[in-house]
Amino acid sequence: MVDLRVTVGSLTLDNPVMPASGTFADGLAQIVPFDRLGAMVTKTITAELRGGNPTPRVAELDQAMLNSIGIPSNGVAYFVQKSLPFYRRFKSPLVVSISAPSADAFAELAARMELPGIAAIEANISCPNIEESGKAFAMNPRSTDAAVQKIRNATRLPLWVKLTPNTSEVAAVARAAENAGADALVVANTILAMSIDIETFKPRLGSIMGGLSGPAIKPIVVRMTYQCAKAVSIPVIGCGGISTAEDAVEYMMAGATAVQVGTATFLRPSAMIDVIDGLAAFCDRKGIARAADLTGLVRDAEMAVDDLEAVP
Amino acid sequence: MEALLDTRSHVPSASQRTADDVTARVVAHQWVNAEYKHLVLDAPEPAPLAQAGQFFHLECPQAGEDRPFFRRPMSVYKADPGKGQVEFLYKVTGAGTRGLATLRVGDTMRILGPLGVGFTLDESWKNIVVLGRGVGLATLAPLAEMAAANGVGVTAIFSARGPEQVMSTERFAKTGARIEIVLDSDGSSAVENVERLLRRIAREGKTGAFFTCGSDRLMLLMQRLGRELGIRGEVALEQQMACGIGMCFCCVRNFRSGNEVVSRRVCWDGPVFRLDEAMSW
Ligand SMILES: Cc1cc2nc3c(=O)[nH]c(=O)nc-3n(C[C@H](O)[C@H](O)[C@H](O)COP(=O)(O)OP(=O)(O)OC[C@H]3O[C@@H](n4cnc5c(N)ncnc54)[C@H](O)[C@@H]3O)c2cc1C
Ligand SMILES: Cc1cc2nc3c(=O)[nH]c(=O)nc-3n(C[C@H](O)[C@H](O)[C@H](O)COP(=O)(O)O)c2cc1C
Ligand code: FES
């Protein structure tokens, strides 16, 4: 029997597989036994009510999804009254993803999350910071540090910080988050992208640009996971294009302690369960006793990244 | 920014829903005309328990250049728990449906469903009118059968480009429905003409409720007449979908609710909605 348990900061998860924020909700419980998940991660919530972006909000590309859903939100009270009781029925730890337009607002929202049934906070700092003319917090180490410090001081809950891939300094941002008190990093959110329908001359999304996800982005985010895992000593949770156990293994070998599955669940609702079962089968086949042993298993000891050459 | 989400929508909760992702096997798959195919699947429960107006999210195979990424939503055209079958009637349009069209008898595919909230019939209605354009009739056919089974009379108005695009009249006829066909080719499908037809049916006292699918113009017409004549109704709507089960919020549309405009998910709060609350798309 392979031991699938992994430790993310002070939390021990039954297995390393969980949903990515925004690709998981109560409707999936019809098909997937939530008790089998390593953790449950909510869609990002905000303090304020939000409607989200104009339609079309998604476009289908080759092996990728482009979305501009935004963060439609019914606010905190709705979440606490309606969503939280639903998730409390399951034994998997619940991670609540939060977002806010400023570091102070982030801290205020985080402070309201110390509620029974909430195991950790995932701060989605890939969202626009109004104090930096709308640039995402996670685009540079300074605004990352400011936001994460304030959130850290506002809550005793384990704090996961979700990074954006839309930065040239992901390792420095990762270190900033660690130094400011993050317990784990989630790498990463969607990649800023755009697509045009050349028949109609129109952008495919109602808000022109959006976030790319799905298998097509995997090599980019595997690279970022590797860079971040090398840069910090807190756990890294890999997220981007994972749809099979093999994908999850690759992320773990690159340095991830756990993984999140997003877009794949839209195509195959049981994707997370298949990844869990496949991970056990892989470890079994390779004679690896614990899934946790996969973390950082990539054989790169004799190799070095030439920073000058590796940047194309 | 779009309208705020509707937080008061009275639809079944997640715990009350029973969809599943099952493997289905093709037992028949034939062209109905130059554009439409009829797909019959053997599928385990809960698939054959689908109700009129509900839909499935179908995994479409890749074929040649076509590599559909998402699944495709399709209304249930027929569901037979006795035989353990579900049927679909679909128009071949783009990558997904072209891929779907390559499925052969004996092939298997994943189908997620039954999904969404279907049509409702009120016991007090003696007669209803269903008005469908194009493949909208696929969505309305099981409703006509449900009505017949409940002793509710049906007038079915088919709107289509030409006679070749008129489908499944036999199925409606079998339920005892009265059938009216209006076409673009002879001009009879013009909104004014359909309006005259609906008013005549109303004068005959045959308009207990209105149901429509497949055309914005016809939806607006039924909505206007419904308001004027005090006739309730429902409309089945379409919107692009990724997850089909309420998670991604890509399938939202705006609705009038009291004095507010709210946004609802077509896959979760619908695809069938109150006619008076729908908005032009
Ligand atoms: C609840 C529901 C029930 C439906 N029932 C039927 C039915 O019974 N028969 C039938 O022929 N069609 C039906 N449709 C429409 C059908 O889903 C689309 O025709 C189909 O998705 C087109 O896919 P494609 O790849 O062939 O076309 P493309 O145009 O290449 O599709 C590109 C993308 O747009 C989406 N899309 C395109 N047109 C529509 C549309 N009208 N509605 C929703 N998404 C669309 C596709 O799903 C895909 O993601 C239904 C739609 C919904 C939402
Ligand atoms: C429809 C959709 C909605 C998303 N919503 C959120 C969100 O609310 N908060 C967040 O942090 N990430 C959100 N994401 C990003 C995912 O959590 C994930 O980081 C990204 O999709 C990459 O993983 P994937 O390739 O497995 O989908 C969303 C992604 C998609 C596709
Ligand atoms: S398709 Fe995902 S919410 Fe409706």
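Residues numbered from 1 in each chain as written. Chains lettered and ligands numbered in written order. Predicted model: local features only at pLDDT ≥ 70, side-chain atom pairs only at ≥ 80, totals over all residues. Heavy atoms only, no water.

Asker: Describe in detail the overall build of chain B, supporting the description with residues and values.
Answerer: The number of helices and strands found in chain B is five helices and 15 strands. Computed over the C-alpha atoms, the radius of gyration of chain B is 18 Å, within 12% of the 19 Å expected from 2.2 N^0.38 for a compact globule of 281 residues. The principal-axis extents of the C-alpha atoms in chain B amount to approximately 50 × 45 × 35 Å. Counting only residues that meet the buried cut, chain B has 57% of its 281 residues in that class. Residue pairs in contact within chain B that sit at least 24 positions apart in sequence constitute 66% of those at least 6 positions apart. As presented, chain B carries roughly 11,700 Å² of accessible surface, and 48% of it is formed by carbon and sulfur atoms. Charge separation in chain B, taken as the distance between the mean sites of 33 positive and 32 negative side-chain charges, equals 2 Å. (Helix = DSSP H or I, 4+ residues; strand = E, 2+ residues; numbered from the N terminus. Rg over C-alpha atoms; globule rule 2.2 N^0.38 Å. Buried < 20%, exposed > 50% of the residue type's maximum accessible area, 1.4 Å probe, protein only. Contact = heavy atoms within 4.5 Å. Areas by Shrake-Rupley, 256 points an atom, 1.4 Å probe, with all protein chains shown as cover. Lys, Arg positive; Asp, Glu negative; His and termini not counted. Charge placed at Lys NZ, Arg CZ, Asp CG, Glu CD.)

Asker: Can you tell me about helix α4 (residues 170-179) of chain A, naming the residues and giving the values?
Answerer: Along α4(A), the positions that sit buried rather than exposed are Val170(A), Val173(A), Ala174(A), Ala176(A), Ala177(A) and Glu178(A). Residues of α4(A) that are buried sit in contact with α3 (141-154), β9 (159-163), β10 (184-187) and α5 (218-231) of chain A.

Asker: Outline the layout of surface pockets, listing residues and values.
Answerer: There is about 1,200 Å³ of room inside the second largest pocket. Along the wall of the second largest pocket there are 38 residues; nearest its centre are Arg72(B), Pro73(B), Thr93(B), Gln239(B) and Gln240(B). Where the lining of the second largest pocket is concerned, the elements lending two or more residues are β5 (58-61) and β13 (202-203) of chain A together with β4 (72-75), β6 (85-91), α1 (95-100) and α2 (136-149) of chain B. Of the residues forming the lining of the second largest pocket, the biggest block, four residues, is contributed by β4(B). Among the residues forming the lining of the second largest pocket, the class breakdown is 19 nonpolar, eleven polar and eight charged. Residue contributions to the lining of the second largest pocket reach at least three from each of two domains, namely domain 1 (14-115) and domain 2 (127-277) of chain B. (1 Å grid on protein atoms, 1.4 Å probe; cavity = no way out; pocket = protein on both sides within 12 Å on 5 of 7 lines; lining within 4 Å. Points joined across faces, edges and corners; volume = space filled by probe spheres on them. Nonpolar A, V, L, I, M, F, W, Y, C, P; charged D, E, K, R; others polar. Domains from an automatic or database assignment.)

Asker: Could you give an account of the domain arrangement of chain B, with specific residues and numbers?
Answerer: Residue and element names in this part refer to chain B. What the domain assignment reports for chain B is domain 1 (14-115) and domain 2 (127-277). The C-alpha centroid of domain 2 is placed 22 Å from the C-alpha centroid of domain 1. Interface of domain 1 and domain 2: buried area, both sides summed, is about 2,000 Å²; carbon and sulfur atoms make up 62% of it. Of all residues in domain 1, Arg17, Ala52 and Tyr77 give up the largest surface area on contact with domain 2, accounting jointly for 26% of the area buried on that side. Linking domain 1 with domain 2 are one salt bridge. (Buried area = accessible area lost by both parts, 1.4 Å probe. Salt bridge = Lys/Arg side-chain N within 4 Å of Asp/Glu carboxyl O.)

Asker: Explain helix α5 (residues 216-229) of chain B residue by residue, including any values.
Answerer: Residues and elements named next belong to chain B. Counted at 1.5 Å a residue, the expected span for α5 with its 14 residues is 20 Å, and the 20 Å between its end C-alpha atoms agrees. Those residues of α5 lying buried are Asp216, Leu218, Met219, Leu221, Met222, Gln223, Leu225 and Gly226. At its buried positions, α5 is contacted by β8 (127-133), β9 (153-160), α4 (191-203), β11 (209-213), β12 (232-236) and β13 (252-257). Following α5 by one or two positions, glycine 230 has its phi on the positive side, about 70°. (Expected span 1.5 Å × (residues − 1).)

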